[in-house]
Each structure stands twice: as C-alpha cells, then as structure tokens.
Amino acid sequence: MSVFGKAKAKVEELFGRAEQVYGESHGDAAATIDGEARRLEAEAEEERAEREESRRSDRDDDGLAGAGSR
C-alpha cells in the first residue's frame, strides 16, 4: 500500500471515529453505527496493508544476511 493509501485509510478511520462520537453524544444511532463501520473498515485496511508489507519483507530475507561478506 502506498503512502497515500495509508494516509487515506487513517483519514477514514479518524472520520469514522468522529462520526461515531457525534452519534453517541447526540443520540443518533445511525451516525454511531455508520461511524463505527467506517472506523472498523479503515482499521481492517490498515492491518491488511501491514500484513502485506510484513510478507514482502519476510520474502526478501533469505536467511543469509552477511553471508556474502567473506
């Protein structure tokens, strides 16, 4: 995921959190649910990107770090 994709996911998470808090403070169940859904979806996207990056870095490591330096 690109830097812009990560930033977009974080903005969506924060917007969802704000919408959820607004809904809770104003007794608006629809806003609360929509905000929570948006926040959870953004958090899941961030976690997916982290797993993908972790897999990529694990593949790059062949376990022979420093072996060619002799």
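For the structure, see preceding data.
A few points on the structure.

Rules behind the numbers
- Residues numbered from 1 in each chain as written.
- Predicted model: local features only at pLDDT ≥ 70, side-chain atom pairs only at ≥ 80, totals over all residues.
- Heavy atoms only, no water.
- Helix = DSSP H or I, 4+ residues; strand = E, 2+ residues; numbered from the N terminus.
- Buried < 20%, exposed > 50% of the residue type's maximum accessible area, 1.4 Å probe, protein only.
- Contact = heavy atoms within 4.5 Å.
- Areas by Shrake-Rupley, 256 points an atom, 1.4 Å probe, with all protein chains shown as cover.
- Salt bridge = Lys/Arg side-chain N within 4 Å of Asp/Glu carboxyl O.

### Some details on the overall build of the chain
Now for step 1: Summing up its helical and strand segments, the chain has two helices and zero strands in all.
Now for step 2: Across the 70 residues that make up the chain, the buried fraction comes to 17%.
Now for step 3: Of the contacts made within the chain by residues no fewer than 6 positions apart, 45% connect residues no fewer than 24 positions apart.
Now for step 4: Accessible surface, the chain: about 5,500 Å² in total, of which carbon and sulfur atoms supply 53%.

### Focus: the environment of A7
Now for step 1: Tracing the sequence through the fold places A7 in helix α1 (residues 3-26).
Now for step 2: Sequence spacing of A7 and E46 is 39 residues, and the spatial spacing of their C-alpha atoms is 9.6 Å.

### Describing the pattern of salt bridges
Now for step 1: One pass over the structure, following the stated rule, counts eleven salt bridges.
Now for step 2: A salt bridge links K10 to E46; the nearest nitrogen and oxygen atoms lie 3.8 Å apart. With K10 in helix α1 and E46 in helix α2 (residues 29-60), this pair connects stretches of sequence that are 36 residues apart.
Now for step 3: Note that E52 and R48 form a salt bridge whose closest N and O atoms lie 2.9 Å from each other. Separated by four residues within a single helix, E52 and R48 lie in helix α2, roughly one turn from each other.
Now for step 4: One network of salt bridges, with partners in common, ties together K10, E13, R17, R39, E43 and E46.

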